[in-house]
Structure formats: structure tokens, C-alpha cells
Number of protein chains: 4
Amino acid sequence: MKLGIVGLGRMGGNITRRLMDAGHECAVFDTSDEAREALQKDGADSADSLQALVEKLPAPRSIWLMLPAGEITESTISQLSDLLDPGDTLIEGGNAFFKDDVRRARELAEKDLHYVDVGVSGGVWGRERGYCLMIGGEKDIVENLDPIFNTLAPGTGDIDKTPGRKKERFDPRAEEGYLHCGPVGSGHFVKMVHNGIEYGMMQAYAEGFDILKNRNLETLPEGERYDLDLADIAELWRRGSVISSWLLDLTSIALSEDHELEQYSGQVNDSGEGRWTIEAAIEEAVPANVLTSALFTRFRSRSDNTYGEKLLSAMRQQFGGHVEKPMSPDE
Amino acid sequence: MKLGIVGLGRMGGNITRRLMDAGHECAVFDTSDEAREALQKDGADSADSLQALVEKLPAPRSIWLMLPAGEITESTISQLSDLLDPGDTLIEGGNAFFKDDVRRARELAEKDLHYVDVGVSGGVWGRERGYCLMIGGEKDIVENLDPIFNTLAPGTGDIDKTPGRKKERFDPRAEEGYLHCGPVGSGHFVKMVHNGIEYGMMQAYAEGFDILKNRNLETLPEGERYDLDLADIAELWRRGSVISSWLLDLTSIALSEDHELEQYSGQVNDSGEGRWTIEAAIEEAVPANVLTSALFTRFRSRSDNTYGEKLLSAMRQQFGGHVEKPMSPDE
Amino acid sequence: MKLGIVGLGRMGGNITRRLMDAGHECAVFDTSDEAREALQKDGADSADSLQALVEKLPAPRSIWLMLPAGEITESTISQLSDLLDPGDTLIEGGNAFFKDDVRRARELAEKDLHYVDVGVSGGVWGRERGYCLMIGGEKDIVENLDPIFNTLAPGTGDIDKTPGRKKERFDPRAEEGYLHCGPVGSGHFVKMVHNGIEYGMMQAYAEGFDILKNRNLETLPEGERYDLDLADIAELWRRGSVISSWLLDLTSIALSEDHELEQYSGQVNDSGEGRWTIEAAIEEAVPANVLTSALFTRFRSRSDNTYGEKLLSAMRQQFGGHVEKPMSPDE
Amino acid sequence: MKLGIVGLGRMGGNITRRLMDAGHECAVFDTSDEAREALQKDGADSADSLQALVEKLPAPRSIWLMLPAGEITESTISQLSDLLDPGDTLIEGGNAFFKDDVRRARELAEKDLHYVDVGVSGGVWGRERGYCLMIGGEKDIVENLDPIFNTLAPGTGDIDKTPGRKKERFDPRAEEGYLHCGPVGSGHFVKMVHNGIEYGMMQAYAEGFDILKNRNLETLPEGERYDLDLADIAELWRRGSVISSWLLDLTSIALSEDHELEQYSGQVNDSGEGRWTIEAAIEEAVPANVLTSALFTRFRSRSDNTYGEKLLSAMRQQFGGHVEKPMSPDE
């Protein structure tokens, strides 16, 4: 199957390579000459414009967009919608907001164009491990793309079968690592919640390791202080504990390389998904204290003492005469 | 009524003065000569040892301790328990943990000494405004001390009467600003929860003002940014809004003096009460998300980027290649 | 000054009455005959259509909308925009989302109509106490309406002056209980944050009183259980404590009437403001743990055991054989 | 190596069997005849009293206690301390509080008895999968017990090696699934934090699946509602996603059996570890919002509408006339 791919960054490039490794043909476009040339060298059919890309593909065409969320995705879809023919399909593989998917699909449907949204998990490990794919769109269009999704997904691998899954009731694609979740937007919705959970899990580990790390404070009672080896503990928990996970595998790797984590600032970014997850929870009136706390910790990690904290100090001074002056960082 | 007072810091000193202003006699002790002399000048009968203090008081004696929580309170109670006679009473007015009250009262009861715990709210404004008193102890002992409590409390003042309070059902002392809450420990328990609520309320204001303050960020959409005058808003909300409160009065004072709060570090301390409140909630299996979040914000306010936050960065680098390097503070 | 008022529910009706009490003329409209007649009897000039209302007002007209948020406000503004003349002003006094204000003002400006947004706090007590008003809009338009705002606001009353407020620097209107916060939308934005803070403060009290209430559980250690009188404690804290507030005044009223609160379900609604406040915090990357927890508690209060909680039970059964079966409510 | 085991519940019984399968001799005691007989049939040397158990073991003895936390553990240790000889060792494998370990070890040391604390993870799967062991105690005593720990632990299995672990720097036992964490108490401390993290991770999944589940509410905008198959999604995420974990494996099993989770009440218990983790965080002044929220969700899951929630309703009625009456459960 020949697929067009727009956006050859780390994710888009590796997706292209995984597809070509499996024998798919890929026509590719990126505004960066360098990115295009790198993929061309690896066997892709490189186009130097969206127009040229469209011409390289047989109708009905399928073009996968792997661009940063926002303006660039919006304008590329707009341009392509003028270049494509009725029956063609756009696949949005970036981190789009699911409500944008719904809107775009409605707009494209007026030109008889199809829209498929795919949430992609797997990060830099995906080319080798495969990508977990969460797909939203029309049933037949998604089925036509099955060879692409099947190639990108990790497959069953050596992961244990879940005992209760009977073939008739369940979608067999889930065991291969990809799933048609539902109508347009549902792929990115599921991916969004996936990332929300990811934030929560990461924060659970972060708090736990913080409590371990601080168990050696001099302010603690004697005999109840421990100088723990967190790299060994992370490794230990990978083995038979209730909290073993891939994130813990990565934690063990990171701690084995840099126990004190001194190379990291601890100023942690967040992408749209974490925020949108909270907004979805609010829209549904679902309490989501853990996912929200995880997001807020990231916000706080990127700031100095906040205006709100200073206001606490100011109130304390007013009612109690507690003076909390600015200190040097080491104080 | 003649009362002994141990501990002549800001709180102990002002309590003594408020009592003397109302005609009570006070015998006082503090390890600081300076503190003793200041009170002596204001009319107190100063003793230069605990022994001397005890001798200055007629039996049955009542001695009010106003000391920092911890070791010093513990050892002073121990010394006094040897100096006092059966029937004498110790009043612990500091910020003791209520379980310590229960233990101490049991120990002192073996020597026929009485123990009363008093939670005191009012801060530096108390000498003038009066102190809100939460009292635990034996009924008759607390009643004997009523002249003291009545003097220290703010009285009804010009605060509106609560319509539904019928004399028979309710304790009239509550309207005067002091209350016998229950057996030993209950005074400090109620004061502890008071402080827990205080943390939560302060944090509610802090977050709200933070959201107001940050409404002028350049990253926000044009036309939806506001450069708000927070001093005016604090003042406004004192008038007829649902969130008017004494803490808001203080906020308005603070913001009228220093709108940017630049004199404050924002590194906010916490006393034992906030922590004990959470432990009580856990002991009772009561969810207390707001009070706990308020406490944790103070913890975080006093630290640089935490080990836990660095671990988040480390995990992100492992799975996504996101690099979050240490930045200079201004970056 | 003659003002048009659309929407004569509890809030709109009382606002009209407070204005008329002070000598303003009010032309009023509501789709309910009953509501119109009640106000007519109180002295208002009642119109039986929007068209009729517009005709009763001298140009340039000012019409205050006090309608439920949502569709009805939107369609009323749309109708009025066709009936009004250039230079007329619409005042939106309901609980609108500030981004809707910004959009509407842009649309109305194309017809040379002005738009002022007013956040109103005060609830059922407002007619008597006055309403705290947070106003957004063009400077001169807001100043023209000053007689209206000044009448509705509580005025300085007997609330203590904030010492640091010097006349030149500060807006004198804040002391009267109304404030021109900034451009269109800023009034509702400030009101929105006000309600967010309100949620947080209410939840702080709720958690504190819950901890007090549950201190008598039989599972707690003997000698550390207290059967506290929460009505007395609420009354006590009104007097000289750090946490005195108007919400505490109301709490004392409620507890003096019904100590066990048995008439209340505890299923607590939330309006849009609480939710929008969190979304604003997220948009600004401001951590708002307390305000969010307060909102989520309300969500949870309205539901039975959630699917998420059942999933916790299911996981526990899988890894530990812990069985948590459905129980009858009393178990 | 011959080991004594006291407490033959599910955990103690399976530990005994795993040891015997590997050729260790086990002398066992339980107050239940039935439990003793079952193990005897499986090859254990059954004793009908603690005295008899001690006599069956060669000095220096090692006895593993696997009892419910609390009184029974405390009294068994007390009895054994009178029966054992200097140089003998008690191994506490239950879910003890680490500060109790520290206290007990001090008391036993006065009789020249050794104390080792072992946190055990693995649940009902442990007999087959092996148990992840977190060990605290004196270095040489722990090393003497190595054959026992090595047998109980899962071993390296087919879990990928962590690349950065160089033999010299790291404890090779971690890769086998057991670790000498540090002095007495550190084993249970690390296990305690493990469980705290477990609560947080479980809650992250619970919230995420709740958001997925509620995406089909009729109140949501048309075209943005999805009827998602959560069993398929759980299975999907096991494959190549960032949030794959053993808990997710269990989730997939549970959902494949009972998609609606109707057999579960959702009233979720908590053990001491979750609570102690928060207390440790507070003692260290480490913010732990996620772990705390996870605990509080369990508290709330076990209660009807709280007194605190009713107080919110009461305040709302006071200031706004909002009436929230008791509803029938289905309303």
C-alpha cells in the first residue's frame, strides 16, 4: 500500500521507516530539505511540495499528517483539502484535540474527503517496539488502512494473553496493539486520556521516590532515617511487585545512569493532552484529583515562588507577625 | 483573680496585659530578664524562677503556660508538677498536640493536679480585638477560670447575633468568643482544626489571586488578557461579596501596602496544626483534599525543584527524548 | 436614570426593587406575566415585549439583562441587537463566561452598540445588604452608568477602612462595593474567580467541620474521642478567630437551626464559574489544587460509587483476592 | 535451611509451599488446626504451640512471622522473645509500620535477639511468580537468610536487563527481585512507599477509565460522545503504550470478564500502608498530592454523602436559596 506522509520529524520519520521496512511504499513531504533527503536516502519517494506529494499517490489517496499540533496542522489540512479529490483520506497522527478532529471531519466531508484520527503512543522506542495506535473514523475507511496500522502496531509479541478474551466478543486488533475506537475524534480522545493517565502514574512514582529520597533528612528522628539506594529499589520493583510497569523500567534505566538526577532541571513541560484530559473530566463531571494534581505539579515545577505563595506570606505577616523574607536559594 | 503566667513572648505578654487591663493580678515568669522586666513595668508581679512564681500564688493555684510547643513545654510541666500542690491547675495555652494533652492530664491526675488546654486564636491583633478561646478540661475547673477566659475573649462586640440561637440549647459563652469544648484535649483539637481550615481558606484566596494576577500573560489570547488591580479587587470583595472575611481584610491591607508583594519570599512555613489536622482526618478516614493541598503547597514553596520533579524529567527523556536541562532562574 | 431590565427572577426582581427604592425608574420585561405583574405592582413600568421595552426607554438606552446563562441570554441579545439604536448599551448581569462577553462585544460593536458585563455577588441577601459588582467595559460607558452601580452596591457601611488606601492610587469605588475592573469580560472574569475562591473556602470549612464531626467515632482511641457541639464552635469562631467570615456567619445560622443537617442531601450542584475558574487556571498554567478539589468534591457528591472506584475494587480482587461486593447502603 | 513459620493464612501458607518446593524444611505453627494440617499434608513439620515450634528448630533459629498487623503480631513477638535463645532471629513479614520495627528491634536486642523486617509484594500470584522482597536488618543476619530470600524472590526471569547496571556499583540481588534496603525498618518503609505508589497508580487508571466511561453521557455535545469498549482499550494499552504495567494487565483481565464491573461495590478498603505513606511524606515535608488524593478517594468511596457535603448544601441555601433536598438514590 502506498501512503503519503507529511511531517518527517522524529515521529514521522520513524513511522515512515517502520512502514518501509515492512514493504510499504511511502511518498513523503517536509518543509525541511534535510528531513526529506534523509528519508529519500532510506528509500522514500520524496516530494518537494504538497502538490507534488498528491501527484505521486494513486487515487483514492491516503495521506498521514505527523505535524506539531496547532497552526501548521490546520493550514496543511486546509491546503490539502484543495489539492485532493473526493474519496481521498487524511490521517491526522499528531496530538490533536479531539474536538478539532470532529470539526475538521465535518468540513472535509463537504468535499467528500475522509478524515481519520490516530493517537500514537510509543515515543522514541516505537520504531523498534512498534506504536500503540488509537484510531477514530469511519469503519470502512479505517478497515482500508488496516495494512498500515497493522504494520505500525507492535503485534502480540511475547506479552501474555489475557485469559478472558474470547474471540467473538472482543476486537482482535487490540491484541496486536491497535484499535478502531469509534467515530472521528475517538482515537485522539482515547490517546488524550492515555496521556492523562501517564501523567498520573509518573507523578505517583515521582512522589514515592521523593519520599524514599528524603528519608535521610537530619530533621527526622534518629534510627528512623534511611539512606536508600533508589536505583536498586527501582530495579527491585520491576521483579514481581504490584507496581512493575514500563515507566518503572525507564526509571530504573535513568537511575542506573544518574542516581542523583543532577542533569535534570526538574522543570517539567506538559503537552495539551494533560490539560484536555482535565477539561474533559470537568465536562463530564468526573472527579479527577490525581490527574489534575499531576498536571499542577508540572505547572509549579516551572515557576519560582508564585504570587499566591507570596500572598500566603503576606497574610501570615498581617495576622501573626510572621515575617518570611526573600532568602537566597541555599538558605 | 490572680493568675500565674509562664512564657512572656508576644502572645504571653499580650495576654498578661489584657488581663491586667481588666484588673486581674498576674504573677509572671520567663527565662528572659528583659521579657520579665517589660511586664513588671506594665504592672505584673515578676518571679525569677518557677519556684518563686508558685510561691507568689494563693492555693489553689492556676498557672497559664504560653510556651513554644515541644521540649520546653514538656520540661516546664514536669518541673511545675513537682512544685505544685494537689488541687492546683495548669493551663496549656500554646499550640500543643491534643494527644499530648490527654497524656499529660493523665500523668498530672496521679498527683491530683488539673490540666486545662486552651487553643488561642487572634495573633498580634488579640490584645485589642480579644482572643478566641477553645477550651478543654474538667467542667468545674474550667468554670472556676471563667473570669480569666471572659476577660481574654473578644466579647459580643458589634457582631450580628445569629438568629436561630435560643438561650437554652446553646452555650452562651460562644457568643462571647470562648467555649468549653469538652474533655481534656478538645480545646487544642478544635484549635487544630481551626488552623487546618485557615490553611485551606488562605490557599483558596492565594490560588484565586494567582489566577487574577496571571491573566495578563502574553501567551493568552488577545482580548482575553486583563491587567487587574488586585488591591482594588480585594477591597471590593470586602463589601457585600460571598467571600468577605477577616483574612480578606488582611489581604486588602497587605495589597494596599505592596501590590506586587515583592517584600515576601513566598516560602511559607507551616506549624504543627496543619499537619496534625491531616493526620486526624486520616485517623477518622475523612477525605480532606483541600486542607491537604494547602499544606503541600507550603511544603513545595520552601523547596527548589524536587527530586520527584527531576524524576519526571528523567522519565520523559527516556520515553520521549524530551530534554529538560537545568535552566538559570530567569530562563 | 431610567434603566431597562430583562429577566425578573429572584435576582433581577430584587435588583429592580433596590433601584426603584433609590428613585431610579425601571422599565421591565419578562416572559412570565406573573413576574411582570409583581414588579409592576412594586412601581416598575412593565413592557410585554422586548420591542415595547425598547420603546419605553429614552435614547441612548441602557438595558440590564439578568437571565440564566446560555441559550436564552444569547437569543435575547441577538433580538435586542436588532431593536436597539447605535449608542445604546447592553448590560449583561448574569453569570456569563467572560470569553462569551468578549465575542458578543465584538459583534455588537459592529452595530455601534456597547456591551458591559457585570458580575454580581450577594445572593438573596443582596436587596438589603447591597450587591458587590464587578464591572467590565468601556470606560466612559461604565461611568455613565455610575448612578445605577452606586445604588446597587452596598456602600461603605460600617466596615472598617483599610488603613493603607490612599485616595490617589486607589479606585474609590472599591470601598463602595463596586469596581470597574477593566475591558469587556473582566467583570465576569473577576466574578468567576470570586466564585472559584468561594468554592475553595466552602470546602475548607466543610472538611474542617467533617473532621470535628467524626471525632466521636467508636474506632478512635478511647480518651481521644470528642462529642463536639458544632453549632457552638461555628458561633465561637465568628468572634476574634482568624477564620471569621460571612460564610462562617451563614454556617452558624444553618447549624443553629439544624445541627445534624438532616434536611440536606449533600448532593451539591456547581455552576459554570467553578469549572471556568479551573479552565482559566489551566490556560494560565497556575496550579489550583484547592479550587479544583473543591469542584471535584461536588462532582463526587452527586454520584453513587463511580466506575473508577469499581475498577479499584476489581484490581484489588485481581492482585490480592480482596473481594469488595456491593453492600446495602446501611452496611 | 530450616525455617520456622508462624501464620499460615494465604500469604504464609504460599510462602511455606514455595520454600518447600525448593527443598527448604519448614516448621510451622498457626492457631488454626485446619491451617496447620493443610501445610502438614503438603510436607511441613507442624507444631501445635510456639514452644513446640521453637523446639523443632536448630539454633540459631530463624522464625518468619506472617500475621495480620497489630495486636496478634505484637503478642506473638513478646511470647517468642521469652522462648528464644540469644542469637536467634525473628523475621517480620507482615505489613508492619516501620517505626514499630525500630522499637521492636531495640527491645529484642536487649535479649540478644535479632530482628529482620521484610516487605512482601506479590499477592495471590506470588507463589507462582515469586515475591518481591524488601528487607531491613543487620547485614550479616540478612546474608545468613539469603537462601530463603533467594528462593522466595521471582529471580531474573525473562525480564529485560536494565542496560546501565554495572555489577560493581549495584546490588545484584535487586535483579533477582529481593534487596537488603538498609537497617531495621527500611524493608517495611520501602514496602510502605511501594503501596503508596500502588494507590496512586491505581487511582490514575481509575480516573482515566472513568473519563472514558462517561464519554457517552447524554449531556455532552452531539458528535463528541463515544461509546468506548474499555476492555479493548485496556488490552490495547498493554501493547507498546507508555502506560503498560502489571496493574493494566490485571485491569484487562477484570474488564474482559465483567465490562460493567457490576459485581463490585466500589467501596474500596485501604490498609495501613497508604496512610503511613502520607504521614511519612508529612514528616519529611514532601508534597504528595497524588498519593493523598488516591487515599482520600478510597475514604469517600466507603461513605454516603458526608457531613461536610451537607454543610456545603446548607451554606448554599443560606446565601443563595439553593435547596438541595435529600433525593432517592436513583434521582
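- Chain A is annotated in an unreviewed UniProt entry as 6-phosphogluconate dehydrogenase (Decarboxylating) of Kushneria indalinina DSM 14324.
- Its UniProt record gives chain A the following Sequence similarities (unreviewed entry) comment, quoted word for word: "Belongs to the 6-phosphogluconate dehydrogenase family."
- What UniProt states about chain A under its Pathway (unreviewed entry) heading is, verbatim, "Carbohydrate degradation; pentose phosphate pathway."

### Some words on the relation of the copies chain D and chain A
Two copies of the chain are present, and they differ by a rotation about an axis and a shift along that axis.
Moving on, step 1. Mapping chain D onto chain A is achieved by rotating through 180 degrees and translating by 0.0 Å along the same axis, at an RMSD of 0.1 Å. The symmetry that links the two subunits is that of a two-fold axis. If distances are taken from each C-alpha of chain D to the rotation axis, the shortest is found for Ser245 of chain D, at 1.9 Å.
Moving on, step 2. A symmetric contact is evident, with 100% of the interface residues of chain D recurring at the interface of chain A.

### A short note on the sheet that holds strand 4 (residues 62-65) of chain D
All names here are of chain D.
Moving on, step 1. Across the sheet, 8 strands lie side by side as 3-2-1-4-5-6-7-8; this open sheet has mixed pairing. Either end of the sheet is taken by a strand with one partner, and the two such strands are strand 3 (45-46) and strand 8 (178-182).
Moving on, step 2. The pairing of strand 2 (residues 25-29) with strand 3 spans 2 bridges and is parallel. Considered in strand 3, the bridge of Ala27 is made with Asp45.
Moving on, step 3. Contacts between helix 4 (residues 71-83) and the sheet are confined to strand 1 (2-6), strand 4, strand 5 (89-92) and strand 6 (114-121), with strand 4 contributing the most and set at about 165 degrees to the helix.

### Some words on unusual backbone geometry
Residue and element names in this part refer to chain A.
Moving on, step 1. A cis amide bond links Ala59 to the next residue, Pro60, at an omega of -10 degrees.
Moving on, step 2. In this structure, Pro60 sits in the loop between helix 3 (50-56) and strand 4 (62-65).
Moving on, step 3. One non-glycine residue, Asp112, lies in positive phi territory at about 60 degrees.
Moving on, step 4. Among the structural elements, Asp112 can be located in the loop between helix 5 (98-109) and strand 6 (114-121).

### A look at the relation of the copies chain D and chain B
Moving on, step 1. Aligned on chain B, chain D shows an RMSD of 0.1 Å; the corresponding rotation is 180 degrees and the shift along the axis is 0.0 Å.
Moving on, step 2. A share of 100% of interface residues in chain D that are also interface residues in chain B marks the association as one of identical surfaces.

### Topic: the interface of chain D and chain A
Moving on, step 1. Taken together, the 94 residues of chain D in the interface contact 94 residues of chain A.
Moving on, step 2. Summing the contributions of chain D and of chain A, the shared interface buries around 7900 Å²; its carbon and sulfur component is 65%.
Moving on, step 3. Of all residues in chain D, Ile211, Arg239 and Val242 of chain D bury the most surface against chain A, accounting for 10% of the area lost on that side.
Moving on, step 4. The tally of links between chain D and chain A comes to 10 salt bridges.
Moving on, step 5. Here Glu284 of chain A makes a salt bridge to Arg215 of chain D, at a shortest N to O gap of 3.1 Å.
Moving on, step 6. A breakdown of the residues in the side of chain D that touches chain A according to their chemical character gives 46 nonpolar, 26 polar and 22 charged.

Rules of the game
Residues numbered from 1 in each chain as written. Chains lettered and ligands numbered in written order. Predicted model: local features only at pLDDT ≥ 70, side-chain atom pairs only at ≥ 80, totals over all residues. Heavy atoms only, no water. UniProt positions renumbered as here; feature names shortened; annotations may be inferred. Least-squares fit on C-alpha atoms with pLDDT ≥ 70 in both. Contact = heavy atoms within 4.5 Å. Pairing = 2+ DSSP bridges. Helix = DSSP H or I, 4+ residues; strand = E, 2+ residues; numbered from the N terminus. Axes fitted to C-alpha atoms, helices over the stretch in contact; angles between N-to-C directions. Buried area = accessible area lost by both parts, 1.4 Å probe. Salt bridge = Lys/Arg side-chain N within 4 Å of Asp/Glu carboxyl O. Nonpolar A, V, L, I, M, F, W, Y, C, P; charged D, E, K, R; others polar.

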